[in-house]
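Structural features, examined
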Amino acid sequence: MHTSNPIRSRIIPSKFFSPVSSLPPVGKVTPSAAKPPQVEPITISPPRPDAQVPTDSSDDSIAAAFWDYQSLFVSQRSETTEPIALRVVDGVVPPDFPSGTYFLAGPGMFSDDHGSTVHPLDGHGYLRAFEIDGGGGEVRFMAKYVKTEAHVEEHDEESGTWRFTHRGPFSVLKGGKRFGNTKVMKNVANTSVVKWGGRLLCLWEGGTPYEIESRSLDTVDRFDLIQDKDNDSDSDQSWGGDMWILAAKVLKPILYGVFNMPPKRLLSHYKIDPQRNRLLMVSCNAEDMLLPCSNFTFYEFDKNFKMVQKQEFKIPDHLMIHDWAFTDTHYIVFANRIKLDVIGSMGAVGGLSPMISALSLNPSKTTSPIYLLPRFSDEKSVGSRDWRVPVEAPSQMWLLHVGNAFQVKDVHGNSHIQIYAASCSYQWFNFQKLFGYDWQSGRLDPSIMNVKENESLPHLVQVSINLDSNGNCQKCSVETLNEWKTPSDFPVINPLFSGKKNSCIYAATSSGSRKNLPYFPFDTVVKLNVVTKSSSTWSVGPRTFIGEPIFVSKGIEEDDGYLLVVEYAVSIQRCFLVILNPKRIGEDDALVARLEVPGNFNFPLGFHGFWATNN
């Protein structure tokens, strides 16, 4: 069971960090502070950039903290040509493990051969696949880059060299074209992956997904699954006035033609409704990034990838959405509110700063608007409530990732909506410092994810909304999930329970055992039971971290299955695939098996994964 371990942050100040290009690895964090994080300074100088990676097991030294943080993002130039059988180093692959493949998306390339480095979010997509044969006790590994249009342009296949030509939304090139460079939307297909309707797709936040051949991991081509043409909304006054209609008309040819942005920006987070056997996706209009109006289009696809439903909503607010939720009757959008930064925009357009610096957070409201959008056109299913009026959650939060949402109705037609998610504070989140990356120097700063005010960091929350029979909100509350206050992210559940009432949530969190890296990178899987209000954990060894856990179901009980998580043993520069028993989290025998990835294929921290069972 988890025991609290309050540790004050003691981190290497950012002034000590060396450029990414001069380090063997590049490190990862998540969103940074809008105000300078309050960290305790240290008096010991960090290791020289050309120093050797510490190989001792101690995790208390400044040198270990420095190198461990950087090591989570190291460019990997190798790809597999054939599947590689992984060696079992602990336990055994269980014979009842469902046969299938765990696909993990994430960036793989951060530095080119001409002096340019890019933000981790702009790193080229590197797809990893673990094919598991439970009956045979074998796991085979493959990894290849997604050959996007940007990848083909920036990578010379014959020489194996890289030259970055695209700025990317979060980066500024140092060794490439900087001024007048309109190659901003660098579709790197690095954020998430899904297999649906016989197709394997890699997604990115601002472009068309790429289809991948699931056995070889070869890139097929872009897959335009929504095929929406630009809709002229001049006659729609929901924009809020003629001024914004005119602004949209001016922006569209610039964004579409000059910056090559797609008219509709497909979000990388999708949902699967197991009850209806549907894939749910959502897009925004390109101009929404710069105007105080958000256009959301929700799509639902059947098992054959046929679009069976499409719903459009225009919300008069300037929003930046990464993840969202659904229930039987609603799409749920948390209003992460943003605004145009005029000064930042001038620098961004001129190539002096990343394009994302054109935007900043808008913390002007003390509450968090939540939009409950009717999923179906049948008015009886949603009542008479105007969906344009948001539910106001009584605290300010920036939503990061959703674990699950569901809706329960009573005999009188009243509804209770429950949402489990990870959120952070507006005061901490900062577009220009995501992952602790400094675009001016190419440096990474772990203090961003280890501030003393840890309540502002990503943490797990429970949002409860009560609606009457007409859909009107009677009450909305936000609580720390199970009183679990340790910084955490990547909440997941048994996917068979998506959209319906569930009891167990799993997430990545920290044991708090490292005085120099107390909160991030994550080193622990936490299991939270929302019925019993209990919490239990499983942690990795010294100088080792984990990514997003994923649940593989094998029965009808909610915790009947296995958890998969990738373990990053940075002290020995190795990656391991770990299989855990969800029912035994918190016990000594939770570990089922650990398999080693060969050292030459040690890969950077992934973002989001998908488990595809063999049919």
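Residues numbered from 1 in each chain as written. Predicted model: local features only at pLDDT ≥ 70, side-chain atom pairs only at ≥ 80, totals over all residues. Heavy atoms only, no water.

Okay, the overall build of the protein chain next. Within the protein chain, the regular secondary structure consists of four helices and 37 strands. Within the span of the protein chain, comprising 615 residues, buried residues form 61% of the whole. Only carbon and sulfur atoms are counted for the fraction: they give 51% of the accessible area of the protein chain, which is about 23,500 Å². (Helix = DSSP H or I, 4+ residues; strand = E, 2+ residues; numbered from the N terminus. Buried < 20%, exposed > 50% of the residue type's maximum accessible area, 1.4 Å probe, protein only. Areas by Shrake-Rupley, 256 points an atom, 1.4 Å probe, with all protein chains shown as cover.)

Summed over the entire model, instances satisfying the criterion amount to 30 salt bridges. Among the ionic pairs, Asp-113 bridges to Arg-77, the shortest N-O distance being 3.1 Å. Note that Asp-113 is positioned in the loop between strand E4 (107-109) and strand E5 (124-133) and Arg-77 in the loop between helix H1 (62-71) and strand E1 (84-85), a separation of 36 residues in sequence. Exposure remark for Asp-113: the relative accessible area of 36% places this residue in the partly exposed category. Salt-bridge contacts for Asp-560 lead to Lys-554; the nearest nitrogen and oxygen are separated by 3.2 Å. Taking relative accessible area as the criterion, Asp-560 reaches 16% and is therefore assigned buried. Residue class for Lys-554 comes out partly exposed when judged on its relative accessible area of 34%. Three or more residues joined by partner-sharing salt bridges are found here, namely Asp-273, Arg-276, Arg-278, Glu-300, Asp-328 and Arg-375. (Salt bridge = Lys/Arg side-chain N within 4 Å of Asp/Glu carboxyl O.)

Turning next to the packing of aromatic side chains. Summed over the entire model, instances satisfying the criterion amount to 29 aromatic pairs. Ring centres 5.7 Å apart and planes at 35 degrees place the aromatic pair Tyr-506 and Phe-551 in the tilted group. Of the two residues, Tyr-506 sits in strand E29 (residues 504-509) while Phe-551 sits in strand E33 (residues 550-553), which places them 45 residues apart along the sequence. Judged by its relative accessible area of 1%, Tyr-506 falls in the buried class. Connected via pairs of aromatic rings, a cluster forms that spans Tyr-102, Phe-130, Phe-141, Tyr-568, Phe-601 and Phe-603. Stacked on the ring of Trp-324, the Lys or Arg Lys-271 has its end atom at 5.9 Å from the ring centre. Stacked on the ring of Phe-497, the Lys or Arg Lys-500 has its end atom at 4.8 Å from the ring centre. (Phe/Tyr/Trp six-rings, centres within 6.5 Å; stacked < 30°, edge-to-face > 60°. Lys NZ or Arg CZ within 6 Å of the ring centre and 35° of its normal.)

Attention now goes to the sheet that holds strand E23 (residues 415-424). The four strands are arranged E22-E23-E26-E27 in an open sheet whose pairing can be described as antiparallel. Both edges of this open sheet fall to strand E22 (398-409) and strand E27 (473-480), since each of them pairs with a single strand only. Across this sheet, the average inter-strand angle for adjacent strands is 15 degrees, counted without regard to direction. Note that E22 and E23 share ten bridges and pair antiparallel. The residue bridging Trp-398 from the neighbouring strand is Cys-424, located in E23. (Pairing = 2+ DSSP bridges. Axes fitted to C-alpha atoms, helices over the stretch in contact; angles between N-to-C directions.)

Next up on the list: the sheet that holds strand E31 (residues 534-539). Judged by pairing direction, the sheet is antiparallel, and its four strands sit side by side in the order E28-E29-E30-E31 without closing on themselves. With partners counted over all chains shown, the strands left at the sheet margins are strand E28 (488-492) and E31, one partner each. When the angles between neighbouring strand axes are averaged without regard to direction, this sheet yields 25 degrees.

Looking now at a nonpolar patch on the surface. A surface patch of nonpolar side chains, about 440 Å² in accessible area, is lined by Leu-340, Val-342, Ile-343 and Met-346. A per-element tally of the nonpolar patch places helix H4 (residues 342-349) first, with three residues. Structurally, Val-342 can be placed in helix H4. (Patch = residues over 30% accessible without salt bridge, like charges linked within 9 Å, V, L, I, M, F, W, Y side chains within 5 Å.)

What follows concerns the environment of Gly-134. Among the secondary structure elements, Gly-134 is positioned in the loop between E5 and strand E6 (138-145). A relative accessible area of 2% means that Gly-134 is categorised as buried. Along the primary structure Gly-134 and Pro-98 are separated by 36 residues, whereas in three dimensions their C-alpha atoms are 6.1 Å apart.

Turning to the nonpolar core, a few remarks are in order. Tyr-102, Phe-130, Trp-398, Phe-431, Trp-538, Leu-564 and Phe-603 are the most contacted members of the largest nonpolar core, which has 87 residues in total. A total of six residues in this core trace back to one element, the largest contributor, which is strand E34 (residues 561-569). Not counting residues up to four positions away in its chain, the partners in contact with Trp-398 are Met-320, Asn-336, Arg-337, Ile-338, Leu-361, Ala-422, Ser-423, Cys-424, Tyr-426, Phe-429 and Phe-431. (Core = buried A, V, L, I, M, F, W, Y, C linked by side-chain atoms within 4.5 Å. Contact = heavy atoms within 4.5 Å.)

Per the UniProt record, "binding site: Fe cation" (unreviewed entry) is annotated on His-322, His-401 and His-608. Sequence-wise these annotated residues cover 287 residues; spatially they are packed, their C-alpha atoms never more than 12.7 Å apart. Residue placement: His-401 occurs in strand E22. Those residues within four positions of His-401 in sequence are excluded, and the remaining contacts are His-269, His-322, Asp-323, Ala-421, Ala-422, Asp-489, Phe-490, Pro-491 and His-608. A polar atom in the side chain of His-401 sits 3.0 Å from the side chain of Asp-489. Ignoring sequence-local partners within four residues, the contact set of His-608 consists of Leu-104, Ala-105, Thr-191, Ser-192, Val-193, His-269, His-322, His-401, Phe-490 and Glu-548. (UniProt positions renumbered as here; feature names shortened; annotations may be inferred. Polar contact = N/O pair within 3.5 Å; in protein donor to acceptor, adjacent residues only side chain to side chain.)

So, about unusual backbone geometry. Going from Phe-520 to Pro-521, the amide bond is cis rather than trans, its omega being 5 degrees. Inspection of the secondary structure assignment puts Pro-521 in the loop between E29 and strand E30 (524-529). Even without glycine at this site, Asn-277 takes up a positive phi of about 55 degrees. Relative to the helices and strands, Asn-277 resides in the loop between strand E12 (271-273) and strand E13 (278-285).

Judged by how many residues are buried, strand E14 (residues 294-301) sits mostly within the fold: eight of eight residues are covered. Of the two faces of E14, the one holding Ser-294, Phe-296, Phe-298 and Glu-300 and the one holding Asn-295, Thr-297, Tyr-299 and Phe-301 are both buried throughout. In this structure, E14 lies alongside strand E15 (residues 307-315), joined through eight bridges in antiparallel fashion. Opposite Thr-297, over in E15, you have Glu-312 as the bridge partner.

Let's shift gears to H4. Along H4, the residues that are buried comprise Gly-344, Ser-345, Gly-347 and Ala-348. One side of H4 carries all its buried residues, which in axial view fall inside an arc of 165 degrees. Exposed and oriented more than 90 degrees from the buried face of H4 are Val-342, Ile-343, Met-346 and Val-349. Considering only its buried residues, H4 is in contact with strand E18 (338-340). The opening residue of H4 is Asp-341, an N-cap whose side-chain oxygen sits 3.3 Å from the backbone nitrogen of Ile-343. (Arc of directions from axis to C-beta.)

So, about the side chain of Arg-265. Tracing the backbone shows Arg-265 in strand E11 (residues 264-266). Here Arg-265 occupies a buried position and makes no salt bridge, while the nearest side chain of opposite charge, Glu-205, is found at 4.7 Å. Setting aside residues up to four positions removed in sequence, Arg-265 forms contacts with Glu-205, Gly-206, Val-282, Ser-283, Cys-284, Met-289 and Met-320. (Lys, Arg positive; Asp, Glu negative; His and termini not counted.)

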